[in-house]
Amino acid sequence: MDKTLKRSRRWLWIVYLLWALFVNAMNIWVVKPLVEDFALLGVLAVIVIIVLWLTTIRIQSRKKWITFTLFALLLGQGISSVSFYPTGLRVLFTVIMLLGLCILAIWFTKAGWKTVLVSAAAILLVNLWLPYSEWPFLTHFKIVKYGKMSLIPGDIPALPWSTISTPQGPALVTFNRVLPSNAELSDLASQATSKPDSLYNLLQTAQHEYELMEILSDHGKAVVKPLPLSDLAQVSLWNLVAPTFPLSVSHWKIVNQHAIMYLTAPVSPASAAALGLEPASYSGNFLALAAQTWEQDQEQWNQLLSDANVTPANPPLQIQGGLLTGSWQGHTVQVPVKTQIILGEGSFTRPGANQVLLEGANLLQIVSLTQNKVVASFHASLTQSLPHDIVIGPLTKGGPDAIFVNAQRAYILSVNSAGQFRTVYEAPLGSSLRFEAVLPSVGNRAPEIITDDPSAMRDVPTRYFSSYLYRDHQLYRNWRVYRTNVVNVEPVHWQPGKVDLALSIYGTGEYLIIQRSYTPVLPVSIGIFIIIGLIGWGLRLNDRRKRVKADEVQ
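These numbers were taken from a predicted model, which means no experiment stands behind them.

*Asks:* Teacher, can you tell me more about the overall build of the chain here?
*Replies:* On a plain count of helices and strands, the chain comes out with 11 helices and 25 strands. Here the chain holds 554 residues, and 45% of them are scored as buried. For the chain, restricting intrachain contacts to residue pairs at least 6 apart in sequence, the fraction spanning at least 24 positions comes to 56%.

Now the structure itself:
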């Protein structure tokens, strides 16, 4: 009996290690969603779960298991919270947390130093693979790639995406911050003599330069590398500058065969302040600023293409002097328009139509590229503003594209064959719903509308990564991932018949490429928790029987 007891205690550290990982998973997949989505009811449910868990633990062991569980949760969430910090700070804070929490755990839990250290190492390794903050995705997705680009949120709040074609397949283009070496900075400073403020401007932007990078799939593995200059011809400028438009102008240069971008304000601080002091003309001033910024963006981009000796296969469409000009399938496009920005292409009035969506001052226009004319116009009302944040995609299988508008109160517009717009859905009052992307139909399923949307019960603006299907002027939830700050969702087809999603985490530089998974992660986890509880109750009942037998013998 004594040998058996010693042998079981010898391997008890494995039980603690598995529990340290499992309790973090349960916290992410069960506890947090209950609290975040069901408010007070969720809190009550969590209290019930905790009480039931405590009843499964022997009374003499409760203090040990409670303190060890708190240690595991604090360490897991602590390491995850610094995952997007710069490397030096991340290592420093992680070491401090490990030392502090491990010492406290060894002292209070009495679980043994080996148990605590091995469990801490396991939590650290798991967070290195995928920070706990990203584990909510695992309930519905497989992680194809998790990574981080260097950025300053004040420059670029979240990584943008532009999809291009390469010999290896589709690739995602985005930014990564680069810092010039002292030698490069000195060389650039010696050349900054063209204007009196050239040196000042150089020093201001030197720490805020970003290189174009591409992420592509190489034999099933995501590879990150600098974007070859020859691929610039396919990059969508609008997709790259949209997150900072129209408050920043993008400037480009080529350094060692790499495309480098930095941002400047479109107007001086004094001019910006003057714009804000004229409320009556704010709308017109903002429109003029947007038009000016976009024109400068295009000029700078065209100069980059010229410097790189790159010519697009089809000259891109652009709006200049009230004309949409360019080339489409070998035909010259020249259409008078009242808009300033090209939002994207689609089939809006009927399936298969070749059309482009344009935006102006509270105005949308649809231009037919085959008919070479405007076929539909939409003037927004005072209650339906038109931001630049618009998503294009179909509402129904095989149907035309709709227009998903991320206004203060999000809404969806559809266009009939006669060019008439109508609102087919509008978010509830006070809702912070935001459309992110629309995925095409798979099989007999309707297109998936990817959103960030708030809890139905909690009166807070916090939004969670979700999916909906459209039917009869309503959205019906398909799934929800309890992860916030998910933006710039971009579908990418890396495998035949499958759609991966590239997404950015706001304000961190983190990004994920995920693929839909139907592994029942959440039901299995709940089932394991129930089994653990049953085992615990069984052990307690067995202890009680032994005590009764001992009392009878006495």
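*Asks:* Help me out: how do you make sense of a nonpolar patch on the surface in this one?
*Replies:* The grouping of V35, F38, L40, L41, V43, L44, I47, V51 and M457 at the surface amounts to a nonpolar patch, some 790 Å² of accessible area in total. Looking at the element boundaries, V43 is found in helix 2 (residues 12–55).

*Asks:* I would appreciate a short explanation of the side chain of N176 in the present structure.
*Replies:* Relative to the assigned elements, N176 resides in strand 3 (residues 169–178). From its side chain, N176 meets the backbone nitrogen of S150 in a polar contact 2.8 Å long.

*Asks:* What is the right way to look at the pattern of salt bridges in this model?
*Replies:* Pairing between side chains of opposite charge can happen when their charged atoms approach one another. Per the stated rule, a full pass over the model turns up eight salt bridges. For the salt bridge of E209 with K253, the shortest nitrogen-to-oxygen distance reads 2.6 Å. Here E209, found in strand 4 (residues 209–218), pairs with K253, found in strand 6 (residues 249–255); they are 44 residues apart in sequence, far enough to count as distant. Here E209 falls in the buried class, since its relative accessible area comes to 6%. R434 is paired through a salt bridge with D389; the nearest N and O atoms lie 2.3 Å apart. Of this pair, R434 sits in strand 19 (residues 434–439) while D389 sits in the loop between strand 14 (373–379) and strand 15 (390–394), and the two are 45 residues apart along the sequence. Each of D37, D453 and R480 takes part in one network of salt bridges that share partners.

*Asks:* Just to check I follow, could you spell out the packing of aromatic side chains for this structure?
*Replies:* The description of two aromatic rings rests on the distance between their centres and on the angle between their planes. Counted under the stated rule, the structure contains 24 aromatic pairs. Arranged with centres 4.4 Å apart and planes meeting at 10°, the rings of Y16 and W65 form a pair that is stacked. Of this pair, Y16 sits in helix 2 while W65 is found in helix 3 (residues 62–81), placing the two residues 49 residues apart along the sequence. Across this residue pair, the class does not change: Y16 and W65 are buried. For the ring pair F141 and W479, a centre distance of 5.0 Å and an interplane angle of 85° mean the geometry is edge-to-face. Residue F141 is found in strand 1 (residues 141–148), and its partner W479 is found in strand 22 (residues 474–481); the two are separated by 338 residues along the sequence. Taking relative accessible area as the criterion, F141 reaches 4% and is therefore assigned buried. Through a chain of ring-to-ring contacts, three or more aromatic side chains come together here, namely Y16, W19, F22, W53, W65, F68 and F71. The ring of Y476 has R471 sitting right over it, with the charged end atom 4.3 Å from the ring centre. Positioned above the aromatic ring of F141, the side-chain terminus of R516 is 5.9 Å from the ring centre.

*Asks:* Looking at this structure, I do not really get the sheet that holds strand 13 (residues 363–368). What am I missing?
*Replies:* To summarise the sheet geometry, strands pair through backbone hydrogen bonds and adopt either a parallel or an antiparallel arrangement. Across the sheet, four strands lie side by side as 11-12-13-14; this open sheet has antiparallel pairing. Of all the strands in the sheet, the pair left with one neighbour each is strand 11 (341–346) and strand 14. Sheet twist, expressed as the mean angle between neighbouring strand axes with direction ignored, is 25°. Bridge analysis of strand 13 against strand 14 gives six bridges, and the strand direction is antiparallel. Within strand 14, the residue paired with L363 across the bridge is H379.

*Asks:* Would you take a moment to explain the environment of L75 for this structure?
*Replies:* With respect to the helices and strands, the residue L75 is situated in helix 3. Between the C-alpha atom of L75 and that of M97, which follows or precedes it by 22 residues, the distance is 6.9 Å.

*Asks:* What's the story with helix 4 (residues 87–109) in this structure? I'm lost.
*Replies:* Helical geometry: 3.6 residues make up each α-helical turn, so side chains three or four residues apart lie on a common side. Between the first and last C-alpha of helix 4 there are 31 Å, a value that for 23 residues agrees with the 33 Å anticipated at 1.5 Å per step. The complete set of buried residues in helix 4 reads T94, M97, L98, L101, C102, A105 and T109. If you follow the buried residues of helix 4, they end up packed against helix 3 and helix 5 (113–129). Once helix 4 finishes, K110 follows within two positions and takes phi at roughly 60°, a positive value.

So, how was this worked out
Residues numbered from 1 in each chain as written. Predicted model: local features only at pLDDT ≥ 70, side-chain atom pairs only at ≥ 80, totals over all residues. Heavy atoms only, no water. Helix = DSSP H or I, 4+ residues; strand = E, 2+ residues; numbered from the N terminus. Buried < 20%, exposed > 50% of the residue type's maximum accessible area, 1.4 Å probe, protein only. Contact = heavy atoms within 4.5 Å. Patch = residues over 30% accessible without salt bridge, like charges linked within 9 Å, V, L, I, M, F, W, Y side chains within 5 Å. Areas by Shrake-Rupley, 256 points an atom, 1.4 Å probe, with all protein chains shown as cover. Salt bridge = Lys/Arg side-chain N within 4 Å of Asp/Glu carboxyl O. Polar contact = N/O pair within 3.5 Å; in protein donor to acceptor, adjacent residues only side chain to side chain. Phe/Tyr/Trp six-rings, centres within 6.5 Å; stacked < 30°, edge-to-face > 60°. Lys NZ or Arg CZ within 6 Å of the ring centre and 35° of its normal. Pairing = 2+ DSSP bridges. Axes fitted to C-alpha atoms, helices over the stretch in contact; angles between N-to-C directions. Expected span 1.5 Å × (residues − 1).

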